[in-house]
Amino acid sequence: MSSALTASPQWQALSDHYAQIKDLHLRQLFADDPQRGQRFTVEAAGLYLDYSKNRITAETLPLLLDLARSVNLQDRIEAMFRGDKINLTEGRAVLHTALRAPRDASVIVDGENVVPEVHAVLDKMAAFCQRVRGGQWKGHSGKRIRNIVNIGIGGSDLGPVMAYEALRHFSQRDLTFHFVSNVDATDFAEAVADLDPHETLFIVASKTFTTIETMTNADTARQWLLAAVEGDEAAIAKHFVALSTNAEKVSAFGIDTENMFEFWDWVGGRYSMDSAIGLSTMLAVGPDGFRDMLDGFHELDQHFRTAPLEQNLPVLMALLSIWYSNFFGVETTAVLPYEQYLSRFPAYLQQLTMESNGKYVTVDGEQVDYETGLIYWGEPGTNGQHSFYQLIHQGTRLIPCDFIAFAKSLNLIGDHQDILIANVLAQSEALAFGKTAEEVRAEGTEDWLVPHRVFQGNRPSNTILGEQMSPQVLGKLVALYEHSVYVQSVIWNIDAFDQWGVELGKVLAKNIIPELEAVNEPDLQHDSSTNELIRRYRQMR
């Protein structure tokens, strides 16, 4: 039975169009239109998007835009910025965009302008960061803080880790930064192995201060510090701060609530790196650098909110994803930054995209009859070229790619940058056009080897070019993908801002923990596999 989406005339028009052009090769599309490489581009907010190497014709984009308009995309974009409670299953507004709004902006939630609250927290963060960075904040023994350890998980870890790596060039180098997320004790042990407790500040990031992985690591950090200060609990307040909204539990832990930095229930974890969750980022790059990043976010936000759909970067990228996912049957997208500072960007995008759009029911509770939620993955170039690019070039799966590159290096050494950029341009060219059997034979290749050296091409890609990596550019890139994810969810009619799929395993784990720790043999009521694994673990332990 078809859903309203797949039964719509706009969807049917796209299906018919796909049938007509699915076998067209990019070689032919470029040959037929010598200006294609100039026409299928958009430049906005300092980012240049070349989407010409996609399997689309001049008719494709208008049809995709018709689909977007049929679901009232422009109204849905405005509803998010306006503060409507578009997270329907949790009854919440979705206002990560308010986190980077200027001081004089107004965003009303439940009758109150939230922007002054946002800037009050930013100002509090800035004052704290200046004290730590300047050496005025001292540890319990009077030593200067030199090590920052962020303890979080999910959005409280992936964003801060990615941002620190992305902006390391701009960081204060006499501070070291470490990130602990995994409940595996090795993660904590290795993070603090070479640190002096007297010079270490822990940031505990948990909205409720009950997240089991985060609080387990926080309690271990607490004991690690107390062991160094002969159990003096007064040291906790000098070596721990909290990113939370639960003042009672923060205080019970021993953290001064004056050093608790708040955020709000209209900020989803995977959208929170520009909130108080970004305290480690602000400590690394300073308040000015952090505000530059917020400015970049805001510039892309404004572009998304105001640009015509046909010239709107996030909209175009989202529609191309819809095109490949729902008509070509594509399952994954590779994100390939040719910038070492963005080494953790693909991992960050995995949560942003897959936790947001990994849904099989619509906002109305109906099961979809179309695919949702592409799998995002990737590694920096040029490393990936010597790893998984083989499958992208000559494998049996169609994998669209997003290439990200910059004209200027932050570390200009020799001819590294020219070689780097030559590689990214060559890869997108090779994916698009490949190499025919005739071209291979013309190189003198023996007939038996020819099939192995043929590149079919017709592998689509986007190329995103910026001038140079910076805090502002990082904000733009993150916002670009945030908004692309939202556009996809609007078309699929799913809620991009809840994550109920995370809950079941967490609940079951809480039931299993006491069974693993029980002194006597527990009465196990699981399935036979889980029961036997619990018994085997207890024996092996």
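Being a predicted model, the structure only gives us computed values, none of them experimental.

### Observations concerning the UniProt feature "active site" (unreviewed entry) in the protein
Those residues carrying the UniProt feature "active site" (unreviewed entry) are Glu355, His386 and Lys506 in this numbering. A maximum C-alpha distance of 37.5 Å is found for the annotated residues, which run over 152 residues; spatially they are spread out rather than grouped. Along the polypeptide, Glu355 turns up in helix α14 (residues 345–357). Residue classification places Glu355 among the partly exposed residues on the basis of a relative accessible area of 23%. Setting aside chain neighbours within four positions, we find Glu355 in contact with Arg270, Gln350, Asp498, Gln499 and Val502. Here Arg270 takes part through its side chain, which lies 2.9 Å from a polar atom of the side chain of Glu355.

### Concerning the packing of aromatic side chains
If you walk through the whole model with that rule in mind, you get 28 aromatic pairs. With 6.5 Å between their ring centres and 20 degrees between their planes, Phe188 and Phe202 make a pair best called stacked. Taken together, the residues span a long stretch of sequence, with Phe188 in helix α8 (residues 185–192) and Phe202 in strand β7 (residues 200–205) at a distance of 14 residues. By the burial criterion, Phe188 is buried, and Phe202 matches it. Geometrically, the ring pair formed by Tyr338 and Phe403 is tilted, given 6.0 Å between the ring centres and 55 degrees between the ring planes. With Tyr338 in the loop between β10 (332–337) and α14 and Phe403 in strand β12 (residues 401–408), the pair connects residues that are 65 residues apart, well separated along the chain.

### Observations concerning the domain arrangement of the protein
According to the domain assignment, the protein contains domain 1 (24–84 + 307–492), domain 2 (104–287) and domain 3 (506–540). Taken over C-alpha atoms, the centre of domain 1 sits 34 Å from the centre of domain 2. The three residues of domain 1 that bury the most area against domain 2 are Tyr341, Tyr348 and Gln351, which together make up 32% of that side's buried surface. Counting every contact that joins domain 1 to domain 2 gives one salt bridge. There are seven residue pairs in polar contact (both at pLDDT 80 or more) connecting domain 1 and domain 2. For the side of domain 1 that touches domain 2, the element with the highest residue contribution is α14, accounting for seven residues.

Quick notes on the rules
- Residues numbered from 1 in each chain as written.
- Predicted model: local features only at pLDDT ≥ 70, side-chain atom pairs only at ≥ 80, totals over all residues.
- Heavy atoms only, no water.
- UniProt positions renumbered as here; feature names shortened; annotations may be inferred.
- Helix = DSSP H or I, 4+ residues; strand = E, 2+ residues; numbered from the N terminus.
- Buried < 20%, exposed > 50% of the residue type's maximum accessible area, 1.4 Å probe, protein only.
- Contact = heavy atoms within 4.5 Å.
- Polar contact = N/O pair within 3.5 Å; in protein donor to acceptor, adjacent residues only side chain to side chain.
- Phe/Tyr/Trp six-rings, centres within 6.5 Å; stacked < 30°, edge-to-face > 60°.
- Domains from an automatic or database assignment.
- Buried area = accessible area lost by both parts, 1.4 Å probe.
- Salt bridge = Lys/Arg side-chain N within 4 Å of Asp/Glu carboxyl O.

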